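# Chains, contacts and geometry: an overview
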Amino acid sequence: MPAVEQLERSSRIQRSGRIACRHEREESRSRVETLSDREKEIIALVAHGLSNKEIADRLCLSFHTVTTYRKNLSAKLNIHSSAGLTIFAILHKIIDLNEIEGKTV
């Protein structure tokens, strides 16, 4: 899973005190820049544990519209799970790790 691999790589880099190479930072930034504000909003709500129905209700969209957004996000990011989208959201600062419901510190 690309998002998990990126999280592991980022974690190793932080532990060793090295700065990520410029190519990785640019690639990461370009992935986020290709997302619309609505796509980022949907990723954030997925990361907070909301179902497609709950997201639809919160954003005043149809269930089918949210499902289409999720399908397109999966194709665009090559991430096919809620956990992967959550990791992506944290890595790309779409949400803060402390915002996730049920998080214990």
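Counting restarts for each chain, with residues numbered from 1 along the sequence as it is written. Thresholds applied to this predicted model are a pLDDT of at least 70 for local features of residues and 80 or more for the giving and counting of side-chain atom pairs; totals over whole chains, interfaces and linings are not thresholded and use all residues. Just so you know, side-chain values use all the structure's heavy atoms and leave hydrogens and water out.

## Topic: the overall build of the protein chain
The helix and strand inventory of the protein chain stands at six helices and zero strands. Considering the protein chain as a whole, with its 105 residues, one finds that 33% of them fall into the buried category. The contacts of the protein chain with a sequence gap of at least 6 include a subset with a gap of at least 24, amounting to 57%. Summed over all atoms, the accessible surface of the protein chain reaches about 6900 Å², with 51% contributed by carbon and sulfur. Under the DSSP-based scheme used, a helix requires at least four consecutive residues in state H or I and a strand at least two consecutive residues in state E, with every element numbered from the N terminus. A 1.4 Å probe rolled over the protein chains alone gives each residue an accessible area, and that area as a share of the maximum for its type sets the label: buried under 20%, exposed over 50%, partly exposed in between. Working rule for contacts: check all heavy atoms of both residues, and any pair within 4.5 Å makes them a contact. All accessible areas in this document rest on Shrake-Rupley with a 1.4 Å probe, and a residue is counted as covered only by the protein chains that are shown.

## Looking at the packing of helix α3 (residues 37-47) against helix α5 (residues 63-77)
Where α3 meets α5, the axes come as close as 11 Å, and the angle between the chain directions of the two elements is 100 degrees. Judged by the inter-axis angle, α3 sits roughly perpendicular to α5. Contact with α3, carried on its side by R38, E39, I42, I43 and V46, involves Y69, R70, L73, K76 and L77 of α5 and no other residues of that element. Between N-to-C directions, angles span 0 to 180 degrees; the directions come from axes that are lines fitted to C-alpha atoms, helices contributing only their stretch in contact. When describing relative orientation, an angle under 35 degrees is termed roughly parallel and one over 145 degrees roughly antiparallel, while 65 to 115 degrees is termed roughly perpendicular and anything else oblique.

## Here we look at the side chain of T86
Here T86 lies in helix α6 (residues 82-91). Overall, T86 belongs to the buried group, its relative accessible area being 15%. Here a polar contact is taken to be a pair of N or O atoms separated by no more than 3.5 Å, where protein atoms must pair a possible hydrogen donor with a possible acceptor and residues adjacent in sequence count only if both atoms sit in side chains. Polar contacts involving the side chain of T86 include one to the main-chain carbonyl oxygen of S82, which spans 2.8 Å. Not counting residues within four places of it along the chain, the set of residues in contact with T86 comprises V46, A47 and I100.

## So, the nonpolar core
Nonpolar core, defined: a set of buried Ala, Val, Leu, Ile, Met, Phe, Trp, Tyr and Cys residues in which side-chain atoms within 4.5 Å join the residues together. Among the nonpolar cores identified, the biggest contains 21 residues, and I43, I55, L77 and F88 are the most heavily contacted of them. Of all the secondary structure elements, the ones that give two or more residues to this core are α3, α4 (52-59), α5 and α6. By residue number, the principal contributor to this core is α3, which donates six residues.

## Here we look at the pattern of salt bridges
Each reported salt bridge corresponds to a side-chain nitrogen of Lys or Arg within 4 Å of a carboxyl oxygen of Asp or Glu. This model, assessed by the stated rule, comprises three salt bridges. One salt bridge connects E39 with K76, and the closest N-O pair in it is separated by 3.0 Å. Here E39, found in helix α3, pairs with K76, found in helix α5; they are 37 residues apart in sequence, far enough to count as distant. With its nearest N and O atoms 3.2 Å apart, the salt bridge here joins K53 to D57. Taken together, the positions of K53 and D57, both in helix α4 and four residues apart, correspond to about one turn of that helix.

## A few points about α6
Among the ten residues of α6, seven are classified as buried, and the element is accordingly described as predominantly covered. Those residues of α6 that sit buried are G84, L85, T86, I87, F88, A89 and L91. K93, located one to two residues past α6, shows a positive phi value of around 55 degrees.

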